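Commentary on secondary and tertiary structure
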Amino acid sequence: MKKQFIVIGLGRFGSSLTKTLMEAGHEVLAVDKDLSLVQEMAEIATHAIQADSTDESVLKELGAGNFHHAVVAIGENLQASILTTLILKEMNVPKVTVKARNIMHGKVLAKIGADQIVYPERDMGIRLGKQLSSDNLIDYIQLSPHYHLVEMKAPKAMNGYTLQELDIRAKYGITVMAIRSGDDINVSPRADEKIQTGDTLLLIGSSEEINHLERKYE
Ligand code: ADP
C-alpha cells in the first residue's frame, strides 16, 4: 500500500531514506533548510521544499499534520531535531521516527513523544563488528533487545547432517528459518533437510544462543 512520508533533513541519512522510500513506491515530501540539497532531491522525491522545520507555522503550511509518518533526520543540530519532533507530535502526526546522535539525545526524544528512535551509526557499528568478529556470520539484524535475525555460512562441521540430527532448536534454542543453497532458498525447512557446505542459514535466536552455536561450530 502506498504511504505518505515527510522526511526532514536531507543529509546522507535523510536522502538515502527518501530514495529508498521512493523506489519502494511511496510518496515523500522532502524538506531541508539547505536549498542545494532540496534541489538535488527535487529530481527524486514527490515534492522537495526548502524550509526551516523549527518554525511551527512553516510545518503547518506544509500540511505536516496530515502525514501518517514523519522522519526527522537532523543529526548535527540537537536543538532543531528536538524542536521539530516536538512540533510534529503537537500536530498529532501519528508516527514520528527520529535519528538520534547519542543516548542523551534519544532520551530527550523519548520524553517528548518520539515514536521510534534510531541510532544508525551505533547500530551499523555493532552490525559490522559482529560480522568482522566472526568467520561464519554474514549479516545480523536486531529484532528486539534480545532477539536477532542472523545470516550465517553453514559451518563445515554441519555438512551432510539433517536439521533433526543437528537438533539446533533443542540444543541452542535457535530456529532455522531458511536455508539458501546458491540461488535456491528453502523457507521453513523440514527436519530431514540436509545442510551442505556452502549453504547459508537464516537463524533467529538471542545473542547468547547465537554466540553459543558459533563457539560450538568454530
Ligand atoms: P547526516 O549525518 O545524515 O548527513 P546531517 O546532520 O549532516 O546528517 O544532516 C542533517 C540535515 O538536516 C542537513 O542537511 C541540514 O541542512 C538539515 N537541517 C538542520 N536543521 C534543520 C532545520 N531546522 N530545518 C530543516 N532542515 C534542517
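Since the structure is predicted, the reported quantities are computational estimates derived from the model, not experimental observations.

Calculation rules
- All residue numbers refer to positions counted from 1 along the written sequence of the respective chain.
- This being a predicted model, a pLDDT of at least 70 is required before a residue's local features are given, and a value of 80 or more before pairs of side-chain atoms are given or counted; all residues contribute to the totals for chains, interfaces and linings.
- Only hydrogens and water are set aside when side-chain values are computed; all heavy atoms of the structure are taken into account.
- Within 6.5 Å between ring centres, the rings of Phe, Tyr and Trp (the latter by its six-membered ring) count as paired, and their orientation is classed by plane angle as stacked under 30 degrees, edge-to-face over 60, tilted in between.
- Starting at the N terminus, helices and strands are each numbered in turn, a helix being any DSSP run of H or I of at least four residues and a strand any DSSP run of E of at least two.
- When a residue's accessible area, from a 1.4 Å probe over protein chains only, is under 20% of the maximum for its type it is buried; when over 50% it is exposed; and in between it is partly exposed.
- UniProt positions are given in the numbering used here, feature names are shortened, and annotations may be inferred rather than shown by experiment.
- Between any two strands, at least two bridges found by DSSP are needed for them to pair.
- Note on definitions: angles span 0 to 180 degrees between N-to-C directions of axes, and those axes are lines fitted to C-alpha atoms, for helices only across the stretch in contact.
- What makes two residues a contact is simply this: any of their non-hydrogen atoms within 4.5 Å.

Here we take up the packing of aromatic side chains. In the structure shown here, the tally under the stated rule is one aromatic pair. For the ring pair Tyr172 and Tyr217, a centre distance of 6.4 Å and an interplane angle of 55° mean the geometry is tilted. Of this pair, Tyr172 sits in helix H8 (residues 168–172) while Tyr217 sits in the segment after helix H9 (207–216); the two residues are 45 residues apart in sequence, bridging distant segments of the chain. Exposure class is identical for Tyr172 and Tyr217. Each is buried.

Residues annotated by UniProt as "domain: RCK C-terminal" (unreviewed entry) correspond here to residues 135–218. Each end of residues 135–218 is marked by a C-alpha atom, and these two atoms are 8 Å apart; helix forms 23% of the span and strand 37%.

Our next topic: unusual backbone geometry. Most peptide bonds adopt trans geometry, and most residues besides glycine take a negative phi value. One non-glycine residue with positive phi stands out, namely Asp167, at about 55°. Relative to the helices and strands, Asp167 resides in the loop between helix H7 (163–166) and H8. Located in the positive-phi region is Ser188, a residue other than glycine, with phi close to 50°. Counting through the fold element by element, Ser188 comes out in the loop between strand S10 (184–187) and strand S11 (200–206). Accessibility expressed as a relative area gives 56% for Ser188, which makes it exposed.

Across the sheet, five strands lie side by side as S7-S8-S11-S9-S10; this open sheet has antiparallel pairing. Among the strands making up the open sheet, the edge pair consists of strand S7 (137–142) and S10. When strand polarity is set aside, the average angle formed by the axes of neighbouring strands in this sheet is 20°. With respect to the sheet, H9 is in contact with S7, strand S8 (147–153) and S11, its orientation differing from that of S11 by roughly 135°.

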